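Listed here are the chains, written in short residue letters.
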Amino acid sequence: MKQIGTPEPEMSFLDHLEDLRWHLIKAVIAIVVAGSIAFFLKGFIFDVLLFGPSRGDFFSYDILCRISTSLGMDAGFCFDEMPFRIQSRTMGGQFSAHVWTSITAGFIIAFPYVIYQFWQFVAPAMHDNERKHAKGFIFITSLLFFIGVIFGYYVVTPLSINFLGKYQVSEAVFNDFDLGSYIGLVRASVLASGLIFELPIVIYFLTRVGVVTPQFLKKYRKYALVIVLILSAIITPPDIVSQIIVAIPVLILYEVSIIISKVIYKQEQRKINKR
């Protein structure tokens, strides 16, 4: 019989894999459950959320129209109807889009629980005082992700749809977009923005393990600016205004990451000096 106070035996590599497998299974189950709920909310998911940015009365277009008009810029965001149609060209296209959209929605909804399972997996390797911050970590990580998703939906997606939906090489060509192509654009814009907004969390862990330092982040700030602009160019239309709108919050996140790295770096140095 195990005596009280006896330390837990260290887990083998296979034990860690088994533990990881169960955490992944729980995360997948949560995504499937949330996705199943989204599947039955087809009207709201498609008509309101997905196809919202394809209509001229979408909230973001009104705001962008007012901003561009007040600045004396081209009123490209002021319109009543988008000059394109969305259609499905395959027999199973609509059903496939329904299923994969539900899975994507399930991942977004279940994201806090997915992060919780990740924390449960890495928590045994952390100190007791670090485990106390579990709730804060899950909350901040989820909050950043949801802010990124909202930013991607209300900013990146309208910018992309407005540019690509109106772009024509010739008046002889009419834009008939496939359903999968349209949904793919919205999905990529939303998920990419959500993951990019996790930059402070990534820097937090990289500083913890000693991969980066605040000095490193400051030294290569100008290179980070170039990378941010490249990422902005990838997820937005090729116009300067859209790239700047997307780049500004990412650059702010980078500066916040430097502050976080500085705090964590000082904490790690104090631990080293006490040894």
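Residues numbered from 1 in each chain as written. Predicted model: local features only at pLDDT ≥ 70, side-chain atom pairs only at ≥ 80, totals over all residues. Heavy atoms only, no water.

(A) Region of the structure containing the packing of helix α2 (residues 42-50) against helix α4 (residues 93-109). Running from N to C, α2 and α4 cross one another at 85 degrees; their axes reach a closest spacing of 11 Å. It follows from the interaxial angle that α2 and α4 lie roughly perpendicular. Within the contact between the two elements, α2 uses Lys 42, Ile 45, Phe 46 and Leu 50 and α4 uses Ala 97, His 98 and Thr 101. In terms of residue class, the contact of α2 with α4 is made up of four nonpolar, two polar and one charged. (Axes fitted to C-alpha atoms, helices over the stretch in contact; angles between N-to-C directions. Helix = DSSP H or I, 4+ residues; strand = E, 2+ residues; numbered from the N terminus. Parallel < 35°, antiparallel > 145°, perpendicular 65-115°, else oblique. Contact = heavy atoms within 4.5 Å. Nonpolar A, V, L, I, M, F, W, Y, C, P; charged D, E, K, R; others polar.)

(B) Molecular detail of helix α9 (residues 199-208). Of the residues making up α9, those classed as buried are Pro 200, Ile 201, Ile 203, Thr 207 and Arg 208. Projected onto a plane normal to the axis of α9, the buried residues spread over an arc of 165 degrees and lie on a single side. One or two steps after α9, the chain reaches Gly 210, where phi turns positive at roughly 85 degrees. (Buried < 20%, exposed > 50% of the residue type's maximum accessible area, 1.4 Å probe, protein only. Arc of directions from axis to C-beta.)

(C) Region of the structure containing the side chain of Ser 257. Take Ser 257: it is sitting in helix α12 (residues 240-274). A polar side-chain atom of Ser 257 sits 2.8 Å from the main-chain carbonyl oxygen of Leu 253. (Polar contact = N/O pair within 3.5 Å; in protein donor to acceptor, adjacent residues only side chain to side chain.)

(D) Representation of a nonpolar patch on the surface in the model. A cluster of nonpolar residues, Ile 29, Val 33, Ile 37, Leu 41, Phe 44, Val 48 and Leu 49, forms a patch on the protein surface that exposes about 610 Å² of accessible area. Elements with a contribution of two residues or more to the nonpolar patch: α1 (13-39) and α2. Inspection of the secondary structure assignment puts Leu 49 in helix α2. Accessibility expressed as a relative area gives 32% for Leu 49, which makes it partly exposed. (Patch = residues over 30% accessible without salt bridge, like charges linked within 9 Å, V, L, I, M, F, W, Y side chains within 5 Å. Areas by Shrake-Rupley, 256 points an atom, 1.4 Å probe, with all protein chains shown as cover. Salt bridge = Lys/Arg side-chain N within 4 Å of Asp/Glu carboxyl O.)

(E) Region of the structure containing the nonpolar core. Residues Tyr 61, Ile 161 and Ile 183 are the most contacted members of the largest nonpolar core, which totals 31 residues. Of all elements in the fold, only α2, α3 (59-70), α4, α5 (111-122), α7 (134-166) and α8 (179-196) reach the threshold of two or more residues within this core. Looking at this core element by element, the count peaks at eight residues for α7. Each residue touching Ile 161, except ones within four places of it in the same chain, is listed here: Pro 53, Tyr 61, Met 82, Phe 84, Lys 166, Tyr 182, Leu 185 and Val 186. Ala 30, Ile 31, Ala 34 and Ala 110 belong to the second-largest nonpolar core, a separate cluster that totals six residues. (Core = buried A, V, L, I, M, F, W, Y, C linked by side-chain atoms within 4.5 Å.)

(F) Broad picture of the pattern of salt bridges. A full pass over the atoms with the stated rule returns three salt bridges. The closest approach of N and O atoms between Asp 62 and Arg 66, which form a salt bridge, is 3.3 Å. With Asp 62 and Arg 66 both in helix α3 and four residues apart, this pair spans about one turn of that helix. Residue Asp 62 is classed as partly exposed on the basis of its relative accessible area, which comes to 34%.

(G) The UniProt feature "transmembrane region" (unreviewed entry) in the protein, seen in detail. Under the present numbering, the feature "transmembrane region" (unreviewed entry) in UniProt falls on residues 20-46, 97-116, 137-156, 190-211, 223-238 and 244-265. Taken end to end, residues 20-46 has its terminal C-alpha atoms 34 Å apart, with 93% of it in helix and 0% in strand. Here residues 97-116 runs as 95% helix and 0% strand, with 28 Å between its end C-alpha atoms. (UniProt positions renumbered as here; feature names shortened; annotations may be inferred.)

(H) How the structure looks around α3. For α3, which comprises 12 residues, the first-to-last C-alpha distance of 17 Å matches the rise-based estimate of 16 Å (1.5 Å per residue) to within 8%. Regarding α3, the residues found buried are Ser 60, Tyr 61, Leu 64, Cys 65 and Ser 68. Along the axis of α3, the buried residues cluster in a sector spanning 130 degrees; they form a single face. Those residues of α3 that are exposed and angled more than 90 degrees off the buried face are Phe 59, Arg 66, Thr 69 and Ser 70. (Expected span 1.5 Å × (residues − 1).)

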